[in-house]
Amino acid sequence: MDENKVGSLIADSRLAFIQGKYKESLILAKKALDEEPKNADAHQCAGNAHMSFGDYTSAIDSYKTAVECDPDNGDRYFNLGYAYASNDQSAEALAMFAKADEIGCSPNVIGQLYKIMAMLCFDMKNFEDAVLNFIKAEKIIGIDMDVLQRKALSYSMTGDTSSAIEVANQMKLLAPTDYAGYRIAFNILLQEERLEEAEKELDRAERFAKPKPEIFFDWVAYEMARYKLDGEKAHLDTALQKISDGLCILEPEVGEVIDSYVNAAEIYIQLENADMALNCLHAAENPIHSYNHGFSVIELPLMEIRPVSRPSEREINHAIEAVRRKYGDRRLEAMGRELMRKNRRSNPDAEEYMTPLAETQPETEEIYTLGSDVKASYTMEKLDQIYRLYVAAYTLKKDTANIRTYASKLANSQDTQSKYIGKYSLVKALRDEGYEKIDEEYQALQKFLRNAMIKDPADLLALNFRVQCCIDLGEFDEAEKLCSLLSDELKAPLKEQIDKARSGGEV
């Protein structure tokens, strides 16, 4: 064995790796191992090359051998742990990281060790250990937005929301224009039903953070929480306005446009406005054309004819100051520009009566549109959501033909809830149409739901639909018997439906 030759091969392998020549690095590492099979550094080089190819199994084998050849080196255990973590073997990774921590690692490794350990604990929902390791990582590698975000979430999951908000405030100090810190604080306040403070948090975000889709989605979540508490439909109207504002102010990607239209459709279902819900769903299925041609999620009322009166100078100044206090000068200017965009998009003929700018002025900024080459893609979950909303909208309109169309799509879903909704809605539509063999259809559905409960006795959704079937068939005693299997919280709304149907009311 020529030690100088082995050392030279290992050095060349490391250099090739640094230069991104991973295949050459692996060849050189293997040549070194041919000369000295128990050389830990050579196995380390081979493991590094395998990691670069995404061949985690081979990397683990190489790092394991490196550990066996050099068992008192904590860095070897760290590398093995990292390979395990990359291969989704979290438990094995944590064991190796713990061993590395016990033996001791080099200064450039120890900070990453604690950070990765914390992230693994976080992913495994071991939030208390995640917090401890995040704190250790911070002491070594300093402030890191990713660490802060996960640390805040870990505190929140352990119930220490005060510490979580403190970390969220650190994030805002570190990056005041990044919405991440505001969002964590908002979600904590929303979960604790501290709605006034949650609203103030969103106000702060609008003043200081760069506009992002999440801000507008969170405004919608806030308004929906308010609606759940007091039932005031004005909150739903405000939520729709926030969706509209987001589409106007941002330059959304096609997926965000689809989500916005679907969210608007859900709100219109709650408002029992089937026509606007359907408009939003049609737009969600044709997002590029709808967005580029100015589709609005706001239902435009007939224009009211009223005398035009100019507000006083005092009223104008008061309004400007109110907006400036809330949004700041930067956002005030942006809102003015976006209002102009919004007006032009909703009124394409506006240019005809606009006074042209002088040639010395810069050209008017073009309105953002989705590119013609953009493709709209839908996950199965998103399609199921759209089909469920179609069923709900056509149910409001009592359009059984279209209910059957979309219920049939849901009945073939891979998602259990969507499948149940589809099968039940299909049978109920047939009943409403006066289908002569409807009793057979209900019997088949009841059999399907019973079998589902035999497979999974905890399937409360199947039980719920069995109750619905009994109500439809007028089998109220059987419906009450099934209801007795549910908790009081789940039983109450079904019992109300049974009593209403029994007294002759429409469910």
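Everything discussed here concerns the structure shown above.
We now turn to the structure provided with this report. Computed from a prediction, not measured in an experiment: that's the story for all the values here.

Let us now look at the packing of helix α13 (residues 213-230) against helix α15 (residues 254-270). Two elements in contact, α13 and α15, have axes separated by 12 Å at closest approach and are oriented at 10°. Between α13 and α15, the crossing angle belongs to the class labelled roughly parallel. Where α13 abuts α15, its residues P213, F217, V220, M224 and Y227 lie against E256, D259, S260, N263, I267 and Q270. Looking at the contact of α13 with α15, its residues break down into 6 nonpolar, 3 polar and 2 charged.

This brings us to helix α11 (residues 180-191). Quick reminder: α-helices carry 3.6 residues per turn. Residues three or four places apart thus point the same way. For α11, which comprises 12 residues, the first-to-last C-alpha distance of 17 Å matches the rise-based estimate of 16 Å (1.5 Å per residue) to within 8%. Buried-residue contacts for α11 involve α9 (145-157), α10 (161-174), α12 (195-208) and α13. E193, located one to two residues past α11, shows a positive phi value of around 60°.

Residues Y261, I267 and V467 are the most contacted members of the largest nonpolar core, which totals 67 residues. Here this core takes 10 residues from α15, the largest share from any one element. Setting aside its immediate chain neighbours within four residues, Y261 contacts L247, C280, A283, A284, P287, S290, Y291, F295 and V297. Core analysis: the next-biggest nonpolar cluster, separate from the first, contains 32 residues, V67, L113, I116 and F127 among them.

With that settled, the discussion passes to the packing of aromatic side chains. Under the criterion given, the structure shown has 15 aromatic pairs. Judged by centre distance (6.1 Å) and plane angle (70°), the ring pair of Y291 and Y368 falls under edge-to-face. Taken together, the positions of Y291 in helix α17 (residues 287-292) and Y368 in the loop between α18 (313-346) and α19 (380-397) put the pair 77 residues apart, joining distant regions of the chain. Above the ring of W219, the side-chain terminus of K242 is found at 4.1 Å from the ring centroid. If you follow K423 out to its NZ or CZ, it ends over the ring of F448, 4.8 Å from the centre.

Turning to unusual backbone geometry, a few remarks are in order. The phi dihedral of K125 falls on the positive side, at around 65°, and the residue is not glycine. Inspection of the secondary structure assignment puts K125 in the loop between α7 (107-123) and α8 (127-141). Positive phi is not limited to glycine here, since K398 has a value of about 60°. Residue position: K398 is located in the loop between α19 and α20 (400-411).

Relative to the assigned elements, N286 resides in the loop between α16 (274-285) and α17. On the basis of relative accessibility, which here comes to 45%, the residue N286 falls in the partly exposed class. Separated by 90 residues in the primary sequence, N286 and A376 place their C-alpha atoms 8.2 Å from one another. At 3.1 Å, the side chain of N286 and the backbone oxygen of H282 are in polar contact.

Criteria and cut-off values
Residues numbered from 1 in each chain as written. Predicted model: local features only at pLDDT ≥ 70, side-chain atom pairs only at ≥ 80, totals over all residues. Heavy atoms only, no water. Axes fitted to C-alpha atoms, helices over the stretch in contact; angles between N-to-C directions. Helix = DSSP H or I, 4+ residues; strand = E, 2+ residues; numbered from the N terminus. Parallel < 35°, antiparallel > 145°, perpendicular 65-115°, else oblique. Contact = heavy atoms within 4.5 Å. Nonpolar A, V, L, I, M, F, W, Y, C, P; charged D, E, K, R; others polar. Expected span 1.5 Å × (residues − 1). Core = buried A, V, L, I, M, F, W, Y, C linked by side-chain atoms within 4.5 Å. Buried < 20%, exposed > 50% of the residue type's maximum accessible area, 1.4 Å probe, protein only. Phe/Tyr/Trp six-rings, centres within 6.5 Å; stacked < 30°, edge-to-face > 60°. Lys NZ or Arg CZ within 6 Å of the ring centre and 35° of its normal. Polar contact = N/O pair within 3.5 Å; in protein donor to acceptor, adjacent residues only side chain to side chain.

Shape descriptors only; they carry no functional weight alone.
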